[in-house]
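Structural characterization, general
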Amino acid sequence: MGIQVEFNPDLALRNIAEFRAGQRKEEECIPENLKAGETYPFLKNGQRLYWLHGEIPLLETAGEGKLSRPKASVVIK
């Protein structure tokens, strides 16, 4: 028995329309107006490991491995 973890080379969040439709929490979605230098909270379920020493791509996901091209480059604090 152990702990299942997922290694993520990118940050994949849902479209903000899913929050507006009541299907997701706001932190699970890409903010509508991203601004450089701002800090935004995000939420993912499960145990995930992200690269914390530099930038990673921010992608939009529709689920089931369907990912967009990078929307932005982010740093996880």
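I will try to describe carefully the structure that is included in this document. Quantities reported herein were computed from a predicted structural model and do not represent experimental measurements.

1. What about the overall build of the protein?
Scanning the protein for helices and strands turns up one helix and six strands. Seen in sequence order, the protein has helices and strands lined up from the N terminus as β-β-α-β-β-β-β. Relative to the 2.2 N^0.38 estimate, which gives 11 Å for 77 residues, the radius of gyration of the protein is 13 Å and therefore close to what a compact globule would have. Its C-alpha atoms put the protein at 40 × 30 × 20 Å along the principal axes. Looking at the protein as shown, the accessible area adds up to about 6,100 Å², and 51% of this sits on carbon and sulfur atoms. Across the protein, the mean location of the 11 positive side-chain charges is 2 Å away from that of the 11 negative side-chain charges.

2. Overview of the nonpolar core
Residues Leu11, Leu13, Ile30, Tyr50, Ile56, Leu58, Val74 and Ile76 constitute the largest nonpolar core, which totals eight residues. In contact with Val74, other than residues within four places in its own chain, are Leu11, Gly54, Glu55, Ile56 and Leu58.

3. Here's the deal with the pattern of salt bridges
Across all of its chains, the model carries six salt bridges by this definition. Shared partners join several salt bridges into a network, and the residues in it are Arg14, Glu18, Arg24 and Glu28.

4. A look at a nonpolar patch on the surface
Taken together, Ile3, Val5, Phe7 and Leu49 make up a surface patch of nonpolar side chains, about 440 Å² in accessible area. Turning to its location among the elements, Phe7 is positioned in strand S1 (residues 5-8). Judged by its relative accessible area of 64%, Phe7 falls in the exposed class.

5. A short note on the pairing of strand S4 (residues 55-63)
Across three bridges, strand S2 (residues 11-13) lies against S4 in parallel orientation. Along S4, the bridge assignment pairs Ala12 with Leu59. Where S4 lies against strand S5 (residues 66-67), two bridges are found, and the strand directions are antiparallel. Across the sheet, residue Thr61 finds its bridge partner in S5, namely Leu67.

6. Comments concerning the side chain of Arg14
If you trace the backbone, Arg14 turns up in the loop between S2 and helix H1 (17-20). Accessibility expressed as a relative area gives 17% for Arg14, which makes it buried. Here Ala62 takes part through its backbone oxygen, which lies 3.5 Å from a polar atom of the side chain of Arg14. Ignoring sequence-local partners within four residues, the contact set of Arg14 consists of Arg24, Glu28, Cys29, Ile30, Glu60, Thr61, Ala62 and Gly63.

Calculation rules
- Residues numbered from 1 in each chain as written.
- Predicted model: local features only at pLDDT ≥ 70, side-chain atom pairs only at ≥ 80, totals over all residues.
- Heavy atoms only, no water.
- Helix = DSSP H or I, 4+ residues; strand = E, 2+ residues; numbered from the N terminus.
- Rg over C-alpha atoms; globule rule 2.2 N^0.38 Å.
- Areas by Shrake-Rupley, 256 points an atom, 1.4 Å probe, with all protein chains shown as cover.
- Lys, Arg positive; Asp, Glu negative; His and termini not counted.
- Charge placed at Lys NZ, Arg CZ, Asp CG, Glu CD.
- Core = buried A, V, L, I, M, F, W, Y, C linked by side-chain atoms within 4.5 Å.
- Buried < 20%, exposed > 50% of the residue type's maximum accessible area, 1.4 Å probe, protein only.
- Contact = heavy atoms within 4.5 Å.
- Salt bridge = Lys/Arg side-chain N within 4 Å of Asp/Glu carboxyl O.
- Patch = residues over 30% accessible without salt bridge, like charges linked within 9 Å, V, L, I, M, F, W, Y side chains within 5 Å.
- Pairing = 2+ DSSP bridges.
- Polar contact = N/O pair within 3.5 Å; in protein donor to acceptor, adjacent residues only side chain to side chain.

Taken by themselves, the reported measurements are silent on function.
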